[in-house]
Amino acid sequence: TGLPFVEAHDFIEKINTVVKQYQIDYIFPAHDSVVVKLAQAKLTGNIDCEIITSPADTCELLRSKGRTYDCFSDAMHVPRIYKSLQDISEEDWPVFLKPDTGQGSKGTHLVSSLKEAEVYTAADNSLLILENLPGKEYTVDCFTNRHGELLFCEARQRQRILNGISVNSVIVRDKQFKELANIINNKLKLNGVWFFQLKENKADELV
């Protein structure tokens, strides 16, 4: 208790106070924003203990959905991104709006008309305008060791979602998940636990 939120200007200073008080050797960050913040602090030497996570440039890339989609657009199916609402054709509706930076389902909107989309994008012009993926949803949990070897990969179908978090899931076996995990693992420098999410598009392809 008593620690500031990750966005606070004195977050690292306060964390270092706790590190010293409790003689902490390692921090294993688990929240998206904290992962980035502590990876950056590790890179600059501003944190007084070891941070167990991937390199800062990997964490920064993956915090942006737009940059992540761009990074993998030549290697796997990623959601189509519309540059503007005027680029959406009649058969493309509904579309999905989501923040470039965020987690869970916070700030996301499934919209069925231009008028509805204009309301949300006027309130937040940073929203990504994406194709809607109506099919099954999966989370693929992975572990990469410090040598860059993918040691674990297992997929879960997200059957019930509450506030963007899967509260009921079942294990699914399919070689496609391992193939996609290897593509990601080979393209990025990863260390420790990580995951990615997939949804089926209208053609039942994993995106």
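Quick caveat, the model's predicted, so the values are computed rather than measured.

Participant: So what's going on with the nonpolar core? Residues and values would help.
Facilitator: Grouped together as the largest cluster of nonpolar side chains are 19 residues, with contacts concentrated most on Ile184, Trp194, Phe196 and Leu198. Of all the secondary structure elements, the ones that give two or more residues to this core are α4 (65–72), β7 (137–144), β8 (150–162), α6 (175–187) and β10 (192–199). If one sorts the elements of this core by residue count, α6 sits on top with 4 residues. Not counting chain neighbours up to four residues away, the residues in contact with Ile184 comprise Phe72, Met76, Leu190, Trp194 and Phe196. Ranked by size, the runner-up nonpolar core spans 12 residues in total, among them Val19, Leu38, Ala41 and Ile51.

Participant: Give me the lowdown on the pairing of strand β6 (residues 128–131), citing residues and values where you can.
Facilitator: Bridge analysis of strand β3 (residues 81–82) against β6 gives 2 bridges, and the strand direction is antiparallel. Following the sheet pairing, Tyr82 is matched in β6 by Ile129. Sheet topology places strand β4 (residues 95–98) next to β6; 4 bridges connect them, and they run antiparallel. If you follow Lys98 over to β6, its bridge partner there is Leu128.

Participant: Give a description of the sheet that holds β6 that names residues and reports values.
Facilitator: Strand order in this open sheet of 4 strands is β3-β6-β4-β5, and the pairing throughout is antiparallel. Strands with a single pairing partner mark the edges of an open sheet, and in this sheet they are β3 and β5 (109–111). Its contacts with the sheet place helix α5 (residues 114–123) against β4 and β5, and it is angled at close to 150° to β5.

Participant: So what's going on with a nonpolar patch on the surface? Which residues, and what values?
Facilitator: A surface patch of nonpolar side chains, about 700 Å² in accessible area, is lined by Tyr26, Phe28, Ile52, Phe143, Leu151, Phe152 and Val193. Examined against the element boundaries, Leu151 turns out to sit in strand β8.

Participant: Go over the packing of aromatic side chains with me, naming the residues and quoting the values.
Facilitator: For the structure shown, the criterion picks out 2 aromatic pairs. Both rings, one in Tyr138 and one in Phe177, keep their centres 5.2 Å apart while their planes meet at 55°; by these two values the pair is tilted. Highlighted residues: Tyr138 in strand β7 and Phe177 in helix α6, separated in sequence by 39 residues. On the basis of relative accessibility, which here comes to 4%, the residue Phe177 falls in the buried class.

Conventions used here
Residues numbered from 1 in each chain as written. Predicted model: local features only at pLDDT ≥ 70, side-chain atom pairs only at ≥ 80, totals over all residues. Heavy atoms only, no water. Core = buried A, V, L, I, M, F, W, Y, C linked by side-chain atoms within 4.5 Å. Buried < 20%, exposed > 50% of the residue type's maximum accessible area, 1.4 Å probe, protein only. Helix = DSSP H or I, 4+ residues; strand = E, 2+ residues; numbered from the N terminus. Contact = heavy atoms within 4.5 Å. Pairing = 2+ DSSP bridges. Axes fitted to C-alpha atoms, helices over the stretch in contact; angles between N-to-C directions. Patch = residues over 30% accessible without salt bridge, like charges linked within 9 Å, V, L, I, M, F, W, Y side chains within 5 Å. Areas by Shrake-Rupley, 256 points an atom, 1.4 Å probe, with all protein chains shown as cover. Salt bridge = Lys/Arg side-chain N within 4 Å of Asp/Glu carboxyl O. Phe/Tyr/Trp six-rings, centres within 6.5 Å; stacked < 30°, edge-to-face > 60°.

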